[in-house]
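Overview (structure and organization)
What follows is the residue order along each chain.
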Amino acid sequence: MSTLPNSMLSRFLRLPLSIRVLTISLTIIILFGFFITWIEPETFPTLFEGIWWAIITTSTVGYGDYAPITILGRLTGIALILTGVGFLSTYLVTLATAAVAKQNAYLEGKSTYRGQNHLIIIGWNERSKLMIHSIIKDRENIPVTLIDESLATNPVPEKIHFVKGNSNLDYVLLKANILTAHKVIITADQNKEELQADMHSILTLLAIKGLNANLPCIVEILTTEQVQNAKRAGADEIIETNSLTSFVMHNSLNSQDTMIAFLELLNQLKDKKLQFIPLKNINEELVDYLTLNHYLLANGKLLLGVKRGGTSYLNPNSSFVLEEKDELIIIT
């Protein structure tokens, strides 16, 4: 016979503290409301008035619209104050503590992201910082989740969700809700040597593809030797940061005026958007590159080239024939 009560007690003790305290508080309020109605039926004609009085008493509001007048009724009120007020105060303190703990967990990167179709950026550095600020500045409706191991708190708590941890680990990626993400950008770890940073990025890429093989991943690779490994790991796009930097520096040696103009152009383009738009979304009848270029210029868009499969053709000649599945590289 004692098995059932013990089982119910063990289940009750496994409930969250706030639920347990609230249950005890409500039980005390209802019991005292019933008891005062039974003791003074003329003062408290219904159970509702008794419960109302119990709530007002335990909350220390004390309207005075209902009050016991007999000695036994007042002793009941004293007992209610000594018991109910303590439990109700404990419940309110527990709620406040839980709210603060939840806010701290969010700021410290310990909470799980519950949204979908979001952008996951791995690594906090100048590149990811500028990327996030550009998204915020352009008011793009893109939910962003940042994964980083070095940060202590969320760098942009009003705009992004932060997950603290090693991006190689499955539980960290799952906490960022990798299964429903739209795209992932893996930036090189600035706190590691170049080869180590690339290996870390490739391991992260393998972990991501292991959990969600169809998720598009853009990876920053610093060393040329690791580009093929990144492709084998399943990178959809690879950004060779050092190759681009070397190109700019080398050309600045040969023609400084040209590179100044090039850098000036890049500076002006940072407020623009580079897009890959399927040809069929523009105009299926325009198959001539030169005619298409004039058409886009008239609409305030600059055509840089064409992406066909895994190959990009930048500024092809005027006789270049477009195909149905081509994507246009456009600056808007």
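Residues numbered from 1 in each chain as written. Predicted model: local features only at pLDDT ≥ 70, side-chain atom pairs only at ≥ 80, totals over all residues. Heavy atoms only, no water.

The subject of this paragraph is the nonpolar core. Within the largest apolar cluster, 23 residues are counted, with the highest numbers of intra-cluster contacts made by Ile-120, Ile-147, Val-184 and Ile-208. Elements supplying a minimum of two residues to this core: strand 1 (119-122), helix 6 (170-175), strand 4 (183-186), helix 7 (194-211), strand 5 (217-221) and helix 8 (227-232). Residue contributions to this core peak at 4 residues, all from helix 7. Excluding residues that lie within four positions of it along the chain, Ile-208 makes contacts with Ile-122, Leu-173, Ile-178, Val-184, Ile-186, Leu-215 and Cys-217. (Core = buried A, V, L, I, M, F, W, Y, C linked by side-chain atoms within 4.5 Å. Buried < 20%, exposed > 50% of the residue type's maximum accessible area, 1.4 Å probe, protein only. Helix = DSSP H or I, 4+ residues; strand = E, 2+ residues; numbered from the N terminus. Contact = heavy atoms within 4.5 Å.)

Here the focus is helix 5 (residues 126-137). Helical geometry note: an α-helix holds 3.6 residues per turn, so side chains three or four residues apart project in the same direction. Spanning 12 residues, helix 5 covers 16 Å between terminal C-alpha atoms, matching the ideal 16 Å at 1.5 Å per step. At the N-terminal boundary of helix 5, the capping side chain belongs to Asn-125, with an oxygen 3.1 Å from the backbone nitrogen of Arg-127. (Expected span 1.5 Å × (residues − 1). Polar contact = N/O pair within 3.5 Å; in protein donor to acceptor, adjacent residues only side chain to side chain.)

Two descriptors summarise a pair of aromatic rings, namely the distance from one centre to the other and the angle between the planes of the rings. Per the counting criterion, the structure on display carries 2 aromatic pairs. Where Phe-35 meets Trp-38, the ring centres are 5.8 Å apart and the plane angle is 25°; that geometry is what we call stacked. With Phe-35 and Trp-38 both in helix 2 (residues 17-39) and 3 residues apart, the pair spans about one turn of that helix. The exposure class assigned to Phe-35 is partly exposed, which follows from its relative accessible area of 33%. Ring geometry for Phe-44 and Trp-53: centres 5.6 Å apart, planes at 55°, overall tilted. Classification of Trp-53 as buried rests on a relative accessible area of 6%. (Phe/Tyr/Trp six-rings, centres within 6.5 Å; stacked < 30°, edge-to-face > 60°.)

Moving on to the layout of surface pockets. Of the pockets and cavities examined, the second largest pocket occupies roughly 220 Å³. If you trace the second largest pocket, you find 18 residues lining it, with Gly-123, Asp-148, Glu-149, Asp-189 and His-200 closest to the centre. Residue composition of the lining of the second largest pocket, grouped by class: 4 nonpolar, 10 polar and 4 charged. (1 Å grid on protein atoms, 1.4 Å probe; cavity = no way out; pocket = protein on both sides within 12 Å on 5 of 7 lines; lining within 4 Å. Points joined across faces, edges and corners; volume = space filled by probe spheres on them. Nonpolar A, V, L, I, M, F, W, Y, C, P; charged D, E, K, R; others polar.)

In this structure, Asn-117 takes a positive phi of about 55° despite not being glycine. Following the sequence through the fold, Asn-117 ends up in the loop between helix 4 (71-107) and strand 1. The class for Asn-117 is exposed, based on a relative accessible area of 57%. Located in the positive-phi region is Asn-177, a residue other than glycine, with phi close to 60°. Following the sequence through the fold, Asn-177 ends up in the loop between helix 6 and strand 4.

For the rest of this paragraph, the subject is the UniProt feature "transmembrane region" (unreviewed entry) in the protein chain. With numbering aligned to this structure, UniProt lists the feature "transmembrane region" (unreviewed entry) at residues 21-39, 51-72 and 79-101. Between the end C-alpha atoms of residues 21-39 the distance is 27 Å, and the span holds 100% helix and 0% strand. (UniProt positions renumbered as here; feature names shortened; annotations may be inferred.)

What follows covers the side chain of Ser-128. Examined against the element boundaries, Ser-128 turns out to sit in helix 5. We classify Ser-128 as buried; its relative accessible area is 0%. A polar side-chain atom of Ser-128 sits 2.9 Å from the main-chain carbonyl oxygen of Gly-123. Excluding its chain neighbours within four sequence positions, the residues that come into contact with Ser-128 are Ile-121, Gly-123 and Thr-187.

Now for the pattern of salt bridges. This structure, assessed with the given rule, holds 4 salt bridges. Here Asp-236 makes a salt bridge to Lys-209, at a shortest N to O gap of 3.0 Å. With Asp-236 in the loop between helix 8 and strand 6 (237-240) and Lys-209 in helix 7, the pair connects residues that are 27 residues apart, well separated along the chain. Accessibility expressed as a relative area gives 48% for Asp-236, which makes it partly exposed. (Salt bridge = Lys/Arg side-chain N within 4 Å of Asp/Glu carboxyl O.)

This part is about the environment of Leu-179. Mapped onto the fold, Leu-179 is located in the loop between helix 6 and strand 4. By relative accessible area, Leu-179 is classed as partly exposed at 49%. Spatially, the C-alpha atom of Leu-179 lies 9.6 Å from that of Asn-214, the residues being 35 residues apart in sequence. Beyond its immediate sequence surroundings of up to four residues, Leu-179 is in contact with Leu-174, Leu-211 and Asn-212.

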